[in-house]
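Architecture at a glance
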Amino acid sequence: MTTASAHRALMERVIECRACPRLVEHRERAGVEKVRRYRDWDYWSRPVPAFGAPDAELCIVGLAPAANGGNRTGRMFTGDPSADFLAAALHAGGFASQPTSQHRDDGLTLLNACITSAVKCAPPANQPTAEEQARCLPYLIEELRLMPNVKAVLGLGKLGFEAYLRAARTMGLPKPRGVKFGHGVRYELGPGFPTLFGSYHPSPHNTYTGRLTHAGLVAVLREIQAFLRDG
């Protein structure tokens, strides 16, 4: 089995997962008790697979799908304000073909990047429990093992950043000293592991308040592009 076919098989398993009863109930209820603006949508209401090619050099790790974003559209960071904020920055940073992310057939493609999440189902109030994160971690570990070309990981938000570190520890990374989440941080984790970058999550809580700006996220992405280009 090729790496690409193994990755597709993994994503098929992800989509069928029902390991967390609270998350299953929430994601499915969101597709029934729809918000008014999406009342005509047929919600995805399942775990959301990674978006992008497994041979990419950049892996972006977010928190989880949004109830009316990825959980509705079936694609990571698609169909909500966080999605458009991220897509615009990825486009400006050279990692996306267009600056918007509306639905699965909108023509958006990622360029040398793949987006995944620490938790594959939309959690209530965007807050997965520690137990739910632990149940989902093996999927992230398996994804990373099926991405042989990854040279950089971008953790969006503290949870995504720390989920990657937990996965890397399971994959043999010695406990790193002084590695702490922050916007614009960069850590060399040692031989055999990608360089880890951090950014505030592009949630409305951060973008509407100005904590995370378009320029601020683009700066991180351009630093990653330079790192990938120059090694």
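Remember, it's a predicted structure, so these values are computed and weren't measured experimentally.

1. Describing the packing of aromatic side chains
- Per the counting criterion, the structure on display carries four aromatic pairs.
- Between F181 and Y200, the ring centres sit 6.3 Å apart and the planes meet at 65°, which makes this aromatic pair edge-to-face. Here Y200 lies in the loop between β6 (195-199) and α7 (204-207) and F181 lies in the loop between α6 (157-170) and β5 (186-187), a separation of 19 residues in the sequence.
- Aromatic side chains F197 and F227 sit 5.8 Å apart centroid to centroid with 65° between the ring planes, which places their arrangement in the edge-to-face category. Residue F197 is located in strand β6, and its partner F227 is located in helix α8 (residues 214-230); the two are separated by 30 residues in the primary sequence. The two residues F197 and F227 agree in class, both being buried.
- An aromatic cluster of at least three residues, connected via ring pairs, comprises F161, F181, Y187 and Y200.
- Above the plane of the ring of Y38 lies R72, whose end atom (NZ or CZ) is 3.5 Å from the centre.
- The ring of F51 carries R75 above its face, with NZ or CZ at 4.6 Å from the centroid.

2. Quick notes on the sheet that holds β6
- The strand order across the open sheet built from six strands is β1-β3-β2-β4-β6-β5, with neighbouring strands paired in mixed fashion. A strand with exactly one partner marks an edge of an open sheet, and here the two such strands are β1 (51-52) and β5.
- By the bridge criterion, two bridges tie β5 to β6 in an arrangement that is antiparallel. Bridge pairing links R186 to F197 in β6.

3. Description of α6
- Between its first and last C-alpha, α6 extends 21 Å over 14 residues, near the 20 Å set by a 1.5 Å rise per residue.
- For α6, the complete set of buried residues consists of G157, G160, F161, A163, Y164, L165, A167 and A168.
- In this fold, the buried residues of α6 make contact with β2 (58-62), α5 (130-145), β4 (152-156), β5 and β6.
- A positive backbone phi angle near 110° is found at G172, which sits one or two residues after α6.

Each value, and the rule that gives it
- Residues numbered from 1 in each chain as written.
- Predicted model: local features only at pLDDT ≥ 70, side-chain atom pairs only at ≥ 80, totals over all residues.
- Heavy atoms only, no water.
- Phe/Tyr/Trp six-rings, centres within 6.5 Å; stacked < 30°, edge-to-face > 60°.
- Helix = DSSP H or I, 4+ residues; strand = E, 2+ residues; numbered from the N terminus.
- Buried < 20%, exposed > 50% of the residue type's maximum accessible area, 1.4 Å probe, protein only.
- Lys NZ or Arg CZ within 6 Å of the ring centre and 35° of its normal.
- Pairing = 2+ DSSP bridges.
- Expected span 1.5 Å × (residues − 1).
- Contact = heavy atoms within 4.5 Å.

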